[in-house]
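# Coordinate analysis (summary)
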Amino acid sequence: MNASQHVCCRLQPFGESVFATWSRLAAEHGAVNLGQGFPDFDGPPEVIEAAHQAMQDGHNQYAPMQGVPVLRTAIAQSAGEQMGLDVNPDTDITVTAGCTEAISAALLGLLNPGDEVIVFEPFYDSYPASIAMAGGVMRPITTRPPHFGIDLDAVRDAVNNRTRAILLNTPHNPTGHVATHDELKGLAAIAHEHDLVVIADEVYDRIVFEGEHRSIASLEGMWERTITLRSMAKTFSMTGWKIGWAIAPPALSAAVRASHQFMTYSIANPLQHGAAVALGLGDSYYVGLHRDYLARRDLLCNALEQVGFGVHRPAGTYFVMCDHTNFGFDGSESFCQHLVEHIGIAAIPPGSFYSNPEDGRDLVRFAFCKTMPVLEEAIRRLSLLA
Ligand SMILES: Cc1ncc(COP(=O)(O)O)c(C=O)c1O
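What counts and what doesn't
- Residues numbered from 1 in each chain as written.
- Predicted model: local features only at pLDDT ≥ 70, side-chain atom pairs only at ≥ 80, totals over all residues.
- Heavy atoms only, no water.
- Helix = DSSP H or I, 4+ residues; strand = E, 2+ residues; numbered from the N terminus.
- Rg over C-alpha atoms; globule rule 2.2 N^0.38 Å.
- Buried < 20%, exposed > 50% of the residue type's maximum accessible area, 1.4 Å probe, protein only.
- Contact = heavy atoms within 4.5 Å.
- Areas by Shrake-Rupley, 256 points an atom, 1.4 Å probe, with all protein chains shown as cover.
- Salt bridge = Lys/Arg side-chain N within 4 Å of Asp/Glu carboxyl O.
- Expected span 1.5 Å × (residues − 1).
- Polar contact = N/O pair within 3.5 Å; in protein donor to acceptor, adjacent residues only side chain to side chain.
- Near = heavy atom within 4 Å.
- Nonpolar A, V, L, I, M, F, W, Y, C, P; charged D, E, K, R; others polar.
- Domains from an automatic or database assignment.
- Buried area = accessible area lost by both parts, 1.4 Å probe.
- Core = buried A, V, L, I, M, F, W, Y, C linked by side-chain atoms within 4.5 Å.
- Pairing = 2+ DSSP bridges.

Of the regular secondary structure elements, the protein chain holds 13 helices and 12 strands. Here the protein chain has a C-alpha radius of gyration of 20 Å; the compact-globule value for 386 residues is 21 Å, and the two agree. Dimensions of the protein chain along its principal axes, counting C-alpha atoms only, are 55 × 50 × 50 Å. A total of 386 residues make up the protein chain; the buried ones form 56% of that total. When contacts within the protein chain are restricted to residue pairs at least 6 apart in sequence, long-range pairs at least 24 apart make up 76% of them. Summed over its atoms, the accessible surface of the protein chain is roughly 15800 Å², and 51% of this surface lies on carbon and sulfur atoms.

Considering all chains together, one arrives at 20 salt bridges under this definition. Between Asp195 and Arg225 there is a salt bridge, and its shortest N-O distance comes to 3.2 Å. On the criterion of sequence distance, the pair formed by Asp195 in the loop between helix H7 (181-194) and strand E6 (197-201) and Arg225 in the loop between E6 and strand E7 (226-231) is long-range, its members being 30 residues apart. Under the relative-accessibility criterion, Asp195 is labelled exposed at 54%. A residue is classified by how much of its surface remains accessible, and Arg225, at 16% relative accessible area, is buried. Put simply, Glu210 and Arg297 hold a salt bridge, and the shortest N to O gap is 3.2 Å. A residue pair is termed long-range when its members are at least 10 positions apart, and Glu210 in the loop between E6 and E7 and Arg297 in helix H11 (residues 283-307) qualify at 87 residues.

Given 3.6 residues per turn, any residue in an α-helix points the same way as the ones three and four places further on. Helix length check: helix H9 (residues 250-263), at 14 residues, gives a terminal C-alpha distance of 20 Å against a target of 20 Å (1.5 Å per residue), a fit within 8%. The inward-facing, buried residues of H9 contact strand E2 (93-97), helix H4 (98-110), E6, E7 and strand E8 (243-247). Just beyond H9, the residue with positive phi is Tyr265, at close to 60°.

Once that is clear, we can look at the side chain of Thr163. Assignment of secondary structure puts Thr163 in strand E5 (residues 163-169). For Thr163, a relative accessible area of 9% puts it in the buried group. Within the structure, Thr163 has its side chain in polar contact with the backbone nitrogen of Asn160 (distance 2.8 Å). Every residue in contact with Thr163, bar those within four places of it in the chain, is listed here: Glu116, Ile118, Ala158 and Leu196.

One can find Val307 in helix H11. What makes Val307 buried here is its relative accessible area of 15%. Between the C-alpha atoms of Val307 and Trp245, which are 62 residues apart in sequence, the distance is 40 Å. Once residues within four sequence positions are removed from consideration, Val307 is found in contact with Phe327, Leu382, Ser383 and Ala386.

All right, on to the site of the ligand then. In the region of the ligand, 13 residues are neighbours, and Thr100, Asp201, Ser231, Lys234 and Lys242 sit closest. Here a nitrogen atom of the ligand sits 2.6 Å away from a polar atom, N or O, in the side chain of Asp201. Between the ligand and Ser231 there is a distance of 2.7 Å, counted from an oxygen atom to a side-chain nitrogen or oxygen. Those elements that provide at least two residues to the shell around the ligand are H4 and helix H8 (232-235). Element by element, the count of residues in the shell around the ligand is highest for H4, at 3 residues. Looking at side-chain class alone, the shell around the ligand contains 5 nonpolar, 5 polar and 3 charged residues.

Domain assignment breaks the protein chain into domain 1 (18-43 + 284-385) and domain 2 (61-280). For domain 1 versus domain 2, the distance between C-alpha centres works out to 25 Å. Contact with domain 1, which involves 30 residues of that partner, is made by 30 residues of domain 2. Across the domain 1/domain 2 interface, buried area totals approximately 2800 Å², and carbon plus sulfur atoms make up 62% of it. The interface formed by domain 1 and domain 2 holds 2 salt bridges in total. The interface formed by domain 1 and domain 2 includes 15 residue pairs in polar contact (both at pLDDT 80 or more). Contributions of two or more residues to the side of domain 1 that touches domain 2 are made by H11, strand E10 (319-323) and strand E12 (363-367). Sort the elements by how many residues they give to the side of domain 1 that touches domain 2 and H11 lands first, with 7 residues.

Below, the discussion takes up the nonpolar core. In this structure, Ile227, Met232, Ile243, Phe309 and Phe366 are the most contacted members of the largest nonpolar core, which totals 103 residues. Of all the elements, H11 adds the most residues to this core, at 8 residues. Dropping the residues within four chain positions of it, Ile243 is found in contact with Leu71, Val95, Thr96, Gly98, Ser231, Met232, Ile267, Ala268, Leu271, Gln272 and Ala275. By size, the runner-up hydrophobic cluster in this structure holds 22 residues, among which are Ile150, Val159, Ala179 and Leu219.

Attention shifts here to the pairing of E8. E8 sits mainly inside the fold: 5 of its 5 residues count as buried. Residues Ile243, Trp245 and Ile247 line one face of E8 and the alternating positions Gly244 and Ala246 line the opposite face, and both faces are buried. One ladder, built from 5 bridges, connects E2 with E8; its direction is antiparallel. Its bridge partner lying in E8, Ile93 is registered against Ile247.

What follows is the structure, given as structure tokens:
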């Protein structure tokens, strides 16, 4: 019997997520898991305590559809400061089940059947599935090593009269590229010229090592046409809470809310109270986050270089893309299979992040959102490759 026989045709092409596959293989082989991008440490204890307290205080029933006021106020304040914009907590913020729901809610709320969305590949794997679920059509634009920059001419060529949105991820998973001011200005000009919406996935906005993260929404005239998406997951090392949010002017928030209200309606109430405390931690928290991730990035990247990988050191995020071709394997799947079985490290072959998996055959993605002892153990094992 075909295990996917009941899956609708929109979702048939997608199969099991690559993260589930490689986390399972990691467990089977007792490998250090540098595959899936979840931290192996907890977020700030005062945030966890605040969620406990919220449960004790009786915040245990449905939250408002758009999110609890205290969290929306905290988001509006911190995002407003960061973007230099006046963000209204009542009309401009919608709290979602992680950024993943925010991506789907934005696409489901915006797209009519056949509308096209420009996406930069390699992409976060929910993008093509979410576009398909919304009845849209993905228009991928491939970014290439070593810089994985945005080719604005390719974007101009991809736009046509069906184009509705540009789905931009910066800092970018998996390449670590942080969009430059010129790239953002170029995208903004295209969005203006063709009346496009930009969906800006900024879940790694606080994990930047080189350059500067800038929200496209903060560029002149872009607030009106941008939906900015963020989440607790990466910034506060709370991937399991699944608290994310969309920031957008009222007309675009209406699109997000139109679908969100019928997908999840509202999000875990006590966790939203915890998230509000997280956003109030202030700059010293972000300084520590940056310092710790910089140390992890450099430790792993130096070791990867030493054993012979071509390392595309990321300017942001907690992932590093490497060229594995020095090791002589026939593509990234067989390289990752060898790595998990014989070296004891799980990594991600990035083929499923491309519309044509062959574009990822020379590359492998490692995550460094792990404690130093775990990274050191991985590095000890990596020496077996040399
Ligand atoms: C680019 C990008 N967007 C969104 C997400 C999902 O965020 P969340 O866990 O808040 O749903 C991830 C998680 O890996 C990601 O890398």
